[in-house]
Amino acid sequence: MPAQHRTVAALAAVTGIAALGLGAGPAAADAEAPTRYVALGDSYSAGSGVLPLDPTAPLPCARTLLNYPHLLAAKTGAKLTDVTCGGAQTKDFTQSQYPGVAPQFDALKSDTELVTLTIGGNDNSTFINAILSCGSAGILTGGKGSPCKDRYGSTFKDQVETKTYPAIRASLNEIRARSPKARVAILGYPWITPAKAVPGCFAKLPIAEGDVPYLRDLQAHLNGAAQRAAAETGTTFVDLATASDAHDACRPASERWIEPVLFGTNFVPVHPNAAGEAGMAKETAEVLNLS
């Protein structure tokens, strides 16, 4: 081949290689782009009561930098938009929870790739009312009997069934509509009470011995509602029942994931501590196979 032809061929080869490199550039960049992750939900998602607080969060939300969304983002390198907020109900997904705080669903975009949430515990004040009512009743009876169960019976579970469950299902459907490409995971709540009364717990969690399994059953019903809503909407449910067992609020400080009403370490009682948030993050990462 004449020298001139060899030069042209070489230039063509170099140009072709360069063109292939340029064509691969955006694809490679896309492959390395961090996952676009939106965290929604209430105080169990926000980690309310755990320090240090997230300086970017509205103060009433009491969001921590050690909540499970931050831990998941740190583990995976995801780009996190965290709008979790203590006290949130499903209605706060579509309306402002506090003045100047946008509805949580405003964070969802068409290109969002991962969404996590815990929600439902504050709806209709069902679970908060149950804890407060059972605590007050337990104090009056000195921890004996089942005064809360005797008074309220199926009231709280009925509220979960008729109001909370359909609200969760509607919320999950709306997340799908707003972020159709996203993997969506709703977490159950880690156990607050043990399966039955244990010695010494009443001093930290003043609930009558017969009402301890009553509240446990109510929490199981709430988690079951979230699980059913997840199954019906193509959402992943992260079941914390096994992982959080033996980490309830009655356990010693070194073992518990949930802080008790009295003698706890969080400034918000009956909520996950740092170990609880870490446990929730670990279980979620395993269920979603995140790395």
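Coordinates for the structure precede this section.
Just so it is clear, the model here is predicted, and its values are computed rather than measured. (Residues numbered from 1 in each chain as written. Predicted model: local features only at pLDDT ≥ 70, side-chain atom pairs only at ≥ 80, totals over all residues. Heavy atoms only, no water.)

A. Broad picture of the overall build of the protein chain. Tallying secondary structure elements over the protein chain gives 9 helices and 5 strands in all. Its helices and strands taken in sequence order, the protein chain reads α-β-α-α-β-β-α-α-α-β-α-β-α-α from the N to the C terminus. Here the protein chain holds 291 residues, and 47% of them are scored as buried. For the protein chain, the share of sequence-separated contacts (at least 6 apart) that also reach a separation of at least 24 residues comes to 71%. Carbon and sulfur atoms make up 59% of the accessible area of the protein chain, which totals about 13500 Å². (Helix = DSSP H or I, 4+ residues; strand = E, 2+ residues; numbered from the N terminus. Buried < 20%, exposed > 50% of the residue type's maximum accessible area, 1.4 Å probe, protein only. Contact = heavy atoms within 4.5 Å. Areas by Shrake-Rupley, 256 points an atom, 1.4 Å probe, with all protein chains shown as cover.)

B. Spatial organisation of the packing of helix α6 (residues 155–178) against helix α7 (residues 212–233). α7 packs onto α6 with a crossing angle of 30° between their chain directions and a minimal axis gap of 9 Å. As judged from the angle between their axes, α6 and α7 are roughly parallel. In this structure, α6 meets α7 at a crossing whose hand is right-handed. Here Phe-156, Lys-157, Val-160, Glu-161, Thr-164, Tyr-165, Ile-168, Arg-169, Leu-172, Asn-173 and Arg-176 of α6 lie close against α7, whose contacting residues are Tyr-214, Asp-217, Leu-218, His-221, Leu-222, Ala-225, Ala-226, Arg-228, Ala-229, Ala-230, Glu-232 and Thr-233. (Axes fitted to C-alpha atoms, helices over the stretch in contact; angles between N-to-C directions. Parallel < 35°, antiparallel > 145°, perpendicular 65-115°, else oblique. Left-handed = near helix turned anticlockwise from the far one by under 90°.)

C. Quick look at the pairing of strand β1 (residues 36–39). Here 4 bridges tie β1 to strand β2 (residues 79–82), and the two strands are oriented parallel to one another. Its bridge partner lying in β2, Ala-39 is registered against Asp-82. In this sheet, strand β3 (residues 114–117) lies alongside β1 in parallel orientation, the contact comprising 3 bridges. Bridge pairing in β3 places Ala-39 opposite Thr-116. (Pairing = 2+ DSSP bridges.)

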